[in-house]
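# Summary of the model geometry
Each chain, letter by letter, is given below.
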Amino acid sequence: MTPDLHTRAVVADAHNDLLMAVAARPHRRWAGFFRERWLPQLRAGGIDIQVLPVFIDDQHRPEGALRQTLRMIECAHVLAEGNAGQVALCRDGDEIDAALAQGRIALVLALESAPGVDANVELFSTLFRLGVRIASIAHWGRTPLADGSREDATGSRLTVPGVAALAEMERLGMLFDLSHLGASGVDHVLEIARRPVLATHSCARALRDHHRNLPDEHLRGVAATGGVVCVNFVPDFLTDTQDSVGVERIADHIEHIASVTGIDHVGLGSDFVQEVMTDLTPPCCENLDDEDPLFTFPGLEGPAGMPLVTGALVERGFGEDDVLKVLGGNLRRVMDRHMGRPLGSHRG
């Protein structure tokens, strides 16, 4: 049943940093490199909707952050135009539906921590015009908008520009991403959000006590907005041991989150970083805690391993309808109703 079920599902991955690896190539190679290196992996994994985060590495911060943000957005447009028969850069649910109907992978642009924006909140409108439809406002540390989860000891809520950023994103129809945000910042967002929020690549704090993970009260809060928590596949966020652990640990987190939020609020946010991080020169993301981003669960080194998750859920006893929701139905629902649609309007 598993291969057929995975094939029939709309599989949505809320976080894969592949755009970093593509953008590291010369401009003339962007479309071809994506076609040769990443498209086969996405097809092998049955990925139908792929969120492409724009992550700006330390070497570009702060002075070059906006320039690199624009360069990566341009890269996404170029790789989509150069592979128009296979993928489409989508701005709302209608465009996702059209892409899927044509057998194309729907690509969605996201900002991770938005360092090119900082306190200039009006730039969210500019980036929305360029196709960005999801954004977070912090990563590991402090930004002019909020503190990341590594700064939890500060107890900081959103700054005044951070509150304005959330309001502007909601006005535009840009989905707000809680992943990496500090705990007090998550509390703040859940108090004032007027639209569904996402956690594009986060796990359950109850199963792995790591500052990057969400406690049950935050899981419930995301669900209360109508949003989705998308489980991260990075082993360090899933378990405190690397011994004899595999895809079943991902199923553990999915099962726990579903027990807290209900099955309608769980999705997948793989965060496949091994190939990206080994592919970049200079190396990406050196300013981490004690995580080992190059360690992966067997078979889950990249997108081609996604059917293993379907198998683990079936083995765990999830019913077919619930598996379809987790694999992509829940994230697609939020995108379909709210992404790219101004505040006060939604589809369905």
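## A word on the overall build of the chain
Per the secondary structure count, the chain includes 14 helices and 9 strands. Along the first, second and third principal axes, the C-alpha set of the chain runs to 50 × 45 × 45 Å. A burial count over the chain gives 59% of its 348 residues as buried. Looking at the chain as shown, the accessible area adds up to about 13,000 Å², and 49% of this sits on carbon and sulfur atoms. Across the chain, the 32 positively charged side chains and the 49 negatively charged ones have centroids separated by 7 Å.

## A short note on the pairing of strand β4 (residues 105-111)
Most of β4 is tucked away, with 7 of its 7 residues classed as buried. Two elements, strand β2 (residues 47-54) and β4, share 6 bridges in a ladder whose sense is parallel. Counterpart to Pro53 in the pairing with β4 is Ala110. Pairing of strand β3 (residues 87-89) with β4, which is carried by 3 bridges, proceeds in the parallel orientation. Looking at β4, one finds that Val87 is bridged to Ile105. The handedness of the β3 to β4 crossover, carried by helix α5 (residues 93-101), is right-handed. In terms of strand pairing, β4 meets strand β5 (residues 132-135) through 3 bridges, oriented parallel. Within the sheet, the bridge partner assigned to Leu111 lies in β5 and is Ala135.

## Side note on the nonpolar core
Phe124, Leu181 and Ile254 are the most contacted members of the largest nonpolar core, which has 96 residues in total. The biggest single contributor to this core is helix α4 (residues 65-81), with 8 residues. Excluding residues within four positions of it along the chain, Ile254 makes contact with Val231, Val266, Leu268, Val309, Leu313, Phe318 and Val326. Membership of the second largest hydrophobic core comes to 21 residues, among which are Ala88, Leu198, Val334 and Met335.

## Re the packing of helix α9 (residues 216-224) against helix α11 (residues 247-261)
Between α9 and α11, the least distance of the axes is 9 Å, while the angle of their chain directions is 65 degrees. The handedness of the crossing between α9 and α11 comes out as right-handed. Within the contact between the two elements, α9 uses Asp216, Leu219, Arg220 and Ala223 and α11 uses His256, Ile257, Val260 and Thr261. Residue composition of the contact of α9 with α11, grouped by class: 4 nonpolar, 2 polar and 2 charged.

## As for the packing of aromatic side chains
A full pass over the atoms with the stated rule returns 1 aromatic pair. Pairing Phe233 with Phe272 gives two aromatic rings, centres 5.6 Å apart and planes at 80 degrees, and the pair type is edge-to-face. Note that Phe233 is positioned in the loop between β8 (228-231) and α10 (235-238) and Phe272 in the loop between β9 (266-268) and α12 (274-279), a separation of 39 residues in sequence. Accessibility assignment for this pair places Phe233 and Phe272 in one class, buried. Of note, Arg133 hangs over the ring of Phe128, and the distance from its end group to the ring centre comes to 3.6 Å. In this arrangement the basic side chain of Arg212 is found over the ring face of Phe237, its NZ or CZ atom lying 5.1 Å from the centre.

## Regarding the pairing of β5
Of the strand pairs in this sheet, β5 and strand β6 (residues 175-177) are connected by 2 bridges, and their pairing is parallel. Counterpart to Ile134 in the pairing with β6 is Leu175. Each parallel crossover has a hand, and the one from β5 via helix α7 (residues 160-172) to β6 is right-handed.

## Digging into helix α3 (residues 30-44)
Because an α-helix packs 3.6 residues into every turn, residues spaced three or four apart end up facing the same way. Over its 15 residues, α3 extends 20 Å from the first C-alpha to the last, a length consistent with the 21 Å expected when each residue adds 1.5 Å. In the structure, α3 departs most strongly from a straight axis at Trp38, where the bend amounts to approximately 45 degrees and where the proline Pro40 lies between one and four residues downstream. Within the sequence span of α3, burial applies to Trp30, Ala31, Gly32, Phe33, Phe34, Trp38, Leu39, Gln41 and Leu42. On its buried face, α3 is in contact with α2 (18-23), β2, α4, β3, β4 and α12. The first or second residue beyond α3 is Gly46, which carries a positive phi of 70 degrees.

## Details of the packing of α3 against α4
Each pair of packed helices can be summarised by the angle the axes make with each other and by the distance between the axes. Direction vectors running N to C along α3 and α4 enclose 65 degrees, while the axes themselves pass 8 Å from each other. Compared by their axis directions, α3 and α4 come out roughly perpendicular. For the pair α3 and α4, the sense of crossing is right-handed. Here α3 contributes Trp30, Ala31 and Phe34 to the contact with α4, which in turn contributes Arg71, Glu74, Cys75, Val78 and Leu79. Residues of the contact of α3 with α4, tallied by class, amount to 6 nonpolar, no polar and 2 charged.

About the cut-offs
- Residues numbered from 1 in each chain as written.
- Predicted model: local features only at pLDDT ≥ 70, side-chain atom pairs only at ≥ 80, totals over all residues.
- Heavy atoms only, no water.
- Helix = DSSP H or I, 4+ residues; strand = E, 2+ residues; numbered from the N terminus.
- Buried < 20%, exposed > 50% of the residue type's maximum accessible area, 1.4 Å probe, protein only.
- Areas by Shrake-Rupley, 256 points an atom, 1.4 Å probe, with all protein chains shown as cover.
- Lys, Arg positive; Asp, Glu negative; His and termini not counted.
- Charge placed at Lys NZ, Arg CZ, Asp CG, Glu CD.
- Pairing = 2+ DSSP bridges.
- Right-handed = clockwise from strand over helix to strand, strands pointing away.
- Core = buried A, V, L, I, M, F, W, Y, C linked by side-chain atoms within 4.5 Å.
- Contact = heavy atoms within 4.5 Å.
- Axes fitted to C-alpha atoms, helices over the stretch in contact; angles between N-to-C directions.
- Left-handed = near helix turned anticlockwise from the far one by under 90°.
- Nonpolar A, V, L, I, M, F, W, Y, C, P; charged D, E, K, R; others polar.
- Phe/Tyr/Trp six-rings, centres within 6.5 Å; stacked < 30°, edge-to-face > 60°.
- Lys NZ or Arg CZ within 6 Å of the ring centre and 35° of its normal.
- Expected span 1.5 Å × (residues − 1).
- Bend = angle between axes of the 7 residues up to and from the residue.
- Parallel < 35°, antiparallel > 145°, perpendicular 65-115°, else oblique.

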